[in-house]
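Each chain, letter by letter, is given below.
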Amino acid sequence: MDMPVVNSCRVDACAYNDDHACHALAITVGEENHAQCDTYISIPAQGGDPVSTGHVGACKMADCQHNVQLECQAPGIAVGYVQDQADCLTYAPA
């Protein structure tokens, strides 16, 4: 199974974000009833691999139409702000 790519990230304050690209090797999405990016961290240091593109490692949003056994099956996702939180913008209730 291939992990979906984080096609874009508009959360510039995240340590894994560089020029709207996620560089975390794998992010986790979801917190019970909210499709937030659990990997988001706002610290001064840069994180991740600067030459790699981020992927979705796990998704806890079991009610998403892209979720199969807590794994994202979307071809790629976008991350951005929803009311001051870094969220998976690709989340779609089943």
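None of these values were measured; they are calculated from a predicted model. Each residue is numbered by its place in its chain's sequence as written, counting from 1. With the structure being a predicted model, the display of local features is reserved for residues of pLDDT at least 70 and the display and counting of side-chain atom pairs for 80 or more, all residues being used for whole-chain, interface and lining totals. Hydrogens and waters are ignored; side-chain quantities use all the structure's heavy atoms.

**Considerations on the overall build of the protein chain**
And step 1. Summing up its helical and strand segments, the protein chain has zero helices and 10 strands in all.
And step 2. The secondary structure listing takes helices from DSSP runs of H or I that are at least 4 residues long and strands from runs of E that are at least 2 residues long, numbered from the N terminus. The order of α-helices and β-strands along the protein chain, N terminus first, is β-β-β-β-β-β-β-β-β-β.
And step 3. Based on C-alpha atoms, the radius of gyration is set beside the globule rule, defined as 2.2 Å times the residue count to the power 0.38. What you see for the protein chain is a C-alpha radius of gyration of 12 Å, in line with the 12 Å of a compact globule of 94 residues.
And step 4. Taken along the three principal axes of its C-alpha coordinates, the protein chain extends 35 × 30 × 15 Å.
And step 5. Counting over 94 residues, the protein chain shows a buried share of 36%.
And step 6. All accessible-area figures derive from a Shrake-Rupley calculation using a 1.4 Å probe, and residue coverage is judged against the displayed protein chains alone. For the protein chain, the exposed area adds up to about 5,500 Å²; of that, 51% sits on carbon and sulfur atoms. Relative accessible area decides the class of each residue, using a 1.4 Å probe on protein chains only: under 20% of the type maximum gives buried, over 50% gives exposed, and in between gives partly exposed.

**Comments concerning unusual backbone geometry**
And step 1. Positioned with a positive phi, Gln69 is a non-glycine residue whose angle comes to about 55°.
And step 2. Within the secondary structure layout, Gln69 lies in the loop between strand S7 (67–68) and strand S8 (71–72).
And step 3. Taking relative accessible area as the criterion, Gln69 reaches 76% and is therefore assigned exposed.
And step 4. Look at Gln83: it is not a glycine, yet its phi comes out positive at around 50°.
And step 5. Its location among the elements puts Gln83 in the loop between strand S9 (76–82) and strand S10 (85–88).

**Digging into the pattern of salt bridges**
And step 1. Any Lys or Arg side-chain nitrogen found within 4 Å of a carboxyl oxygen on Asp or Glu counts as a salt bridge. A complete count under the given rule lists one salt bridge for this structure.
And step 2. One salt bridge in this structure joins Asp38 and Lys60, with 2.6 Å as the shortest N-O distance. Residue Asp38 is located in the loop between strand S5 (34–37) and strand S6 (56–59), and its partner Lys60 is located in the loop between S6 and S7; the two are separated by 22 residues in the primary sequence.

**Remarks on the pairing of S5**
And step 1. When DSSP finds at least two bridges between two strands, those strands are taken to pair. Direction of pairing for strand S4 (residues 27–31) relative to S5: antiparallel, over a ladder of two bridges. By the bridge assignment, Glu31 is partnered in S5 with His34.

**Some thoughts on the environment of Ile41**
And step 1. Within the secondary structure, Ile41 is located in the loop between S5 and S6.
And step 2. In sequence terms Ile41 and Ala26 are 15 residues apart; their C-alpha atoms lie 14 Å from each other.
And step 3. By definition in these notes, contact holds between two residues if any of their heavy atoms fall within 4.5 Å. Contacts of Ile41, omitting those with residues within four sequence positions, involve Ala13, Cys14, Ala15 and Tyr16.

**Structural notes on the environment of Cys72**
And step 1. Considering the arrangement of structural elements, one finds Cys72 in strand S8.
And step 2. Taking the C-alpha atoms as reference points, Cys72 and Met3, separated by 69 residues in sequence, lie 7.4 Å from one another.
And step 3. When near neighbours in sequence (up to four residues on either side) are disregarded, Cys72 contacts Pro4, Val56, Cys59, His66 and Ile77.

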